[in-house]
Amino acid sequence: MTPSWSRRSLLTTGLAVPAAATVFAGPAAAAPPAAAGDRHHPARPARSGGVDPESPRFTVAVLPDTQYLFDADSAEPTPVRATLRWLRENRTAQNIVFLAQLGDLTEHGSDAEIALAAQVWAEEMPTGGREDLPYSVLAGNHDVSGDDQRGSTPYLEHFGPDRFRDVPTFRGASPDGYHTFHVFRAGGREWLLLAMDWRASERGTAWAAGVLDAHPTLPVILTTHDLVAADDTGTASLSEYGAMLWQDLLRGRDQVFLTLNGHFWPVGRTVLVNDAGHEVHAHLTNYQDQYYGGAGTVRLYHFDLARGVVDVETISPWLLSIPEEERSPLQQQALERSTDLDRFSFDLVPTERFAGFAPPVVPQSRPAEAVITADTAAYWRFDETGDGVEGAVVGAGSVVRDQTGNGNDVTARLIGTAGAGALTWSRDHHDDAPAHASLRFDGHKDPDGGAVLETGPDAPLNSEQFLDGFTIEVFLKLPDPFVGDHAWMGVLSWEGNNGDAGKTSGYTTEEPSCSLNVTSEWFLQFVLYPSVDDVNPTSWTHALTPGRWTHVAVVNDGEHTVVFVDGSRIARNPSQRARGIATLGKPFAIGATQSDEQFGQGFYGWIGDVRISSRALEVPDFLSAPGTSAGRS
């Protein structure tokens, strides 16, 4: 991810930076009792506050050690103020759903230092309002000493559970008050963030385990002060304390996918493997040893669940807010971090990584009548074929009914040198397909062979020209690995030569008047010879991904044709006028395309539901609606 958006957004927000901050001299907030029972709040909806909790793209901000900016009479909290203010003001633009602090707020943990930090956070990060950014804070070894049974401290007085009472994501604290957890909504699901004290006792670890076990379906981000340390290359490994926490709390709980800690420098990261065999990303973030005590540097974790990736960048909003001509050489160097330890990406596909504790919910199958309308000319599905046995042979002569009752049943037959196993039944399907079944076609060439499903000689579809428009839909999947040469295999087509319909403008007069094919590069090609005009408007998609289900919709409004892949309009749609299909009264075929009225190779892969409508459908009307998403592999 390039950092330019951060610079631009900083400049356009007009971030004002206070020249100085005063030490808070008022009375300290009352400390909660050190052991007053488990402080769990009942779950309540988190207010979104200007963010989109359903968007697959959101940001979690991470603020590491700021201790050198809250150091006795050397305190200089301006960078921290600037960072907190930037996060709050850019919450909507960046869809920032949460801020996690990693400990060592201060250098000595004194009353004055903690009080100043508390004042800065209170002024820049108000709580309880709709627009306020929820956040967590935890204690580092410079804020406190000993383990979490230490009792009352200035840190607990100012940053204990009472601070978070009005934070809508706050769900509870340990009896000692030093550990908290939050639940926030982002990407259309709930996430749990566990903020643990820098030294958890057996009681603290047991409490944390109870929190995780009480929320077994939520993905978890663990934040603490000490977990991994890094060598000079940035390769991280568990610290002595981190190894204990990993052994006692983390490795056996698959829901923990990301850990974040500060304390050590240099920065680093590693990938641990838990007992379920899944990756746990462990990241060390700390810039206190750098210019200006880290200059309020914040790390931004940009989750993009649509792409299955988390893009990470590291910036100093304070330094970025200083006009470029006024920045010193050191400020120029420190305003953003660009090494592969500070700006990087890692994969996160929730349906895969979280499947062990939160399996994806696959939409239920929908009956045929739910997707048949007055405009449905034909609709075939395969959940009534193959007796429900995976891999069952669908032999020659097998009939698949046209669910509309319009008389467009299709019959299977083998082509070329194909054997009996060229067409089999499968329960594999696109997640959003109405029927949870498909047919597996095992077509090949050199020599040619495969299987095809054809309408009968008197089927109405054979002669239908669709002068007022049409929509042809199909679910398909290419095998992974994709073995052999299957270039230009057909998915579906009308039989016959376009030249017999008087067409002369295409690649050859011996190809069908309408076909959907797969190129050698796995692009889809939709070829059309319209009823009206001697033209050959052809659409081309991007390359399909083997191993992933795809929904394809060819939409014609009576004037032009547009192809959609997984609900998204493709680029290469022709501008040529295209009205109708120059059908010749010959069968419609699924699984192959003819050349000079002869089938060569058959389709290689899976084909699910196929529907043809006699009008141009909108995306919400597609078979894949409401998801219109890429199907699972």
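Residues numbered from 1 in each chain as written. Predicted model: local features only at pLDDT ≥ 70, side-chain atom pairs only at ≥ 80, totals over all residues. Heavy atoms only, no water.

By the naming in an unreviewed UniProt entry, the protein chain is 3',5'-cyclic AMP phosphodiesterase CpdA, taken from Kineococcus radiotolerans.

Some remarks on the pairing of strand β26 (residues 514-518)
Of all five residues that make up β26, five are buried, and the element is covered over most of its length. The two faces of β26 match: C514, L516 and V518 on one face and S515 and N517 on the other face are all buried. Examined bridge by bridge, β26 and strand β27 (residues 523-528) share five bridges and lie antiparallel to one another. Its bridge partner lying in β27, C514 is registered against L528. Where β26 folds back onto β27 in an antiparallel hairpin, the turn is made up of four residues, including W522, whose phi is positive at roughly 70°. (Buried < 20%, exposed > 50% of the residue type's maximum accessible area, 1.4 Å probe, protein only. Helix = DSSP H or I, 4+ residues; strand = E, 2+ residues; numbered from the N terminus. Pairing = 2+ DSSP bridges.)

Some remarks on the pairing of strand β35 (residues 604-613)
Counting buried positions along β35 yields ten of ten residues, so the element is predominantly enclosed. With four bridges joining them, strand β18 (residues 376-380) and β35 adopt antiparallel strand pairing. For W380, the partnering residue across the bridge sits in β35 and is V610. The sheet contact formed by strand β24 (residues 470-477) and β35 spans six bridges and is antiparallel. Paired with V474 across the bridge in β35 is V610.

Describing the packing of helix α2 (residues 78-89) against helix α4 (residues 111-124)
At a closest axis distance of 9 Å, the pairing of α2 and α4 adopts a crossing angle of 25°. Comparing the axis directions of α2 and α4 gives the class roughly parallel. The two elements α2 and α4 cross, and the hand of that crossing is right-handed. Packed against α2, whose contacting residues are V80, R81, L84, R85 and R88, the element α4 presents Q119, V120, W121, E123 and E124 at the interface. Partitioning the contact of α2 with α4 into residue classes produces four nonpolar, one polar and five charged. (Axes fitted to C-alpha atoms, helices over the stretch in contact; angles between N-to-C directions. Parallel < 35°, antiparallel > 145°, perpendicular 65-115°, else oblique. Left-handed = near helix turned anticlockwise from the far one by under 90°. Contact = heavy atoms within 4.5 Å. Nonpolar A, V, L, I, M, F, W, Y, C, P; charged D, E, K, R; others polar.)

Section: unusual backbone geometry
The omega angle of the peptide bond from W265 to P266 is 5°, so this bond is cis rather than trans. Along the chain, D446 connects to P447 via a cis peptide bond; the corresponding omega equals 5°. Its identity as a non-glycine residue notwithstanding, H263 has a phi of 75°, on the positive side. Structurally, H263 can be placed in the loop between β11 (256-261) and β12 (268-273). Even without a glycine there, the phi angle at D533 is positive, about 80°. Within the element layout of this structure, D533 appears in the loop between β27 and β28 (538-543).

Some remarks on the confidence of the model for the protein chain
The predicted model of the protein chain has a mean per-residue pLDDT of 91, with 91% of residues at 70 or higher. Overall, residues 1-48 carries pLDDT values under 50, and its contacts beyond four positions in sequence, including any with other chains, amount to 114 contacts. Note that pLDDT drops below 50 for residues 627-632; the model gives that stretch 22 contacts with residues more than four away or on any other chain. (pLDDT = per-residue confidence, 0-100.)

A word on the packing of aromatic side chains
Under the criterion given, the structure shown has 25 aromatic pairs. Ring geometry for F98 versus F184: centroids 5.3 Å apart, planes at 20°, classification stacked. Of the two residues, F98 is situated in strand β3 (residues 96-101) and F184 in strand β6 (residues 180-186); the sequence distance between them amounts to 86 residues. Each member of the pair, F98 as well as F184, carries the same accessibility label: buried. Aromatic pair F354 and F357: ring centres 5.4 Å apart, planes at 40°, arrangement tilted. On the basis of relative accessibility, which here comes to 0%, the residue F354 falls in the buried class. You can call F357 buried: its relative accessible area is 12%. Cluster of aromatic residues (ring-pair linked, three or more members): F58, W191, F257, F303, F354 and F357. The ring of Y241 carries the charged tip of R199 above its face, separated from the ring centre by 4.2 Å. (Phe/Tyr/Trp six-rings, centres within 6.5 Å; stacked < 30°, edge-to-face > 60°. Lys NZ or Arg CZ within 6 Å of the ring centre and 35° of its normal.)

Observations concerning the domain arrangement of the protein chain
Domain annotation of the protein chain identifies domain 1 (57-354) and domain 2 (376-621). Each of domain 1 and domain 2 has a C-alpha centre, and the two are 52 Å apart. (Domains from an automatic or database assignment.)

Section: the side chain of S624
With respect to the secondary-structure elements, S624 resides in the segment after β35. By relative accessible area, which is 0% here, S624 ends up buried. Polar side-chain contacts of S624 include one of 3.4 Å to the side chain of H551. Apart from residues lying up to four places away in sequence, S624 is in contact with D432, F475 and H551. (Polar contact = N/O pair within 3.5 Å; in protein donor to acceptor, adjacent residues only side chain to side chain.)

Considering the environment of V349
With respect to the helices and strands, V349 occurs in the loop between β17 (344-347) and α10 (350-353). Distance in space between the C-alpha atoms of V349 and G308 is 4.5 Å, their sequence separation being 41 residues. The residues touching V349, leaving out its near neighbours within four places in the chain, are G308 and F354.

A few points about the pattern of salt bridges
Evaluated as defined, the whole model comprises 27 salt bridges. Put simply, R381 and D383 hold a salt bridge, and the shortest N to O gap is 2.8 Å. A relative accessible area of 5% places R381 in the buried class. For D428, the salt bridge identified is with K477, shortest N-O distance 2.5 Å. Of the two residues, D428 is situated in the loop between β21 (423-426) and β22 (438-442) and K477 in strand β24; the sequence distance between them amounts to 49 residues. Of the residues examined, D428 reaches a relative accessible area of 13% and is grouped as buried. A single salt-bridge network, built from bridges that share partners, covers R81, R85, R88, E123 and E124. (Salt bridge = Lys/Arg side-chain N within 4 Å of Asp/Glu carboxyl O.)

Observations regarding the packing of helix α6 (residues 202-214) against helix α7 (residues 240-250)
Pairs of packed helices are described in terms of their axes, by the angle between the two and the distance that separates them. Two numbers describe how α6 lies on α7: the axes approach to 10 Å, and their chain directions differ by 45°. Here α7 runs oblique to α6, going by the angle between their axes. The interaxial crossing formed by α6 with α7 has right-handed handedness. Here T205, A208, A209 and L212 of α6 come into contact with α7, specifically with L245, D248 and L249. Grouping the amino acids of the contact of α6 with α7 by side-chain chemistry returns five nonpolar, one polar and one charged.

Some points on the UniProt feature "domain: Calcineurin-like phosphoesterase" (unreviewed entry) in the protein chain
Listed under "domain: Calcineurin-like phosphoesterase" (unreviewed entry) in the UniProt record, and renumbered for this structure, are residues 59-203. As annotated, residues 59-203 comprises 26% helix and 21% strand, and the C-alpha atoms at either end are separated by 32 Å. (UniProt positions renumbered as here; feature names shortened; annotations may be inferred.)

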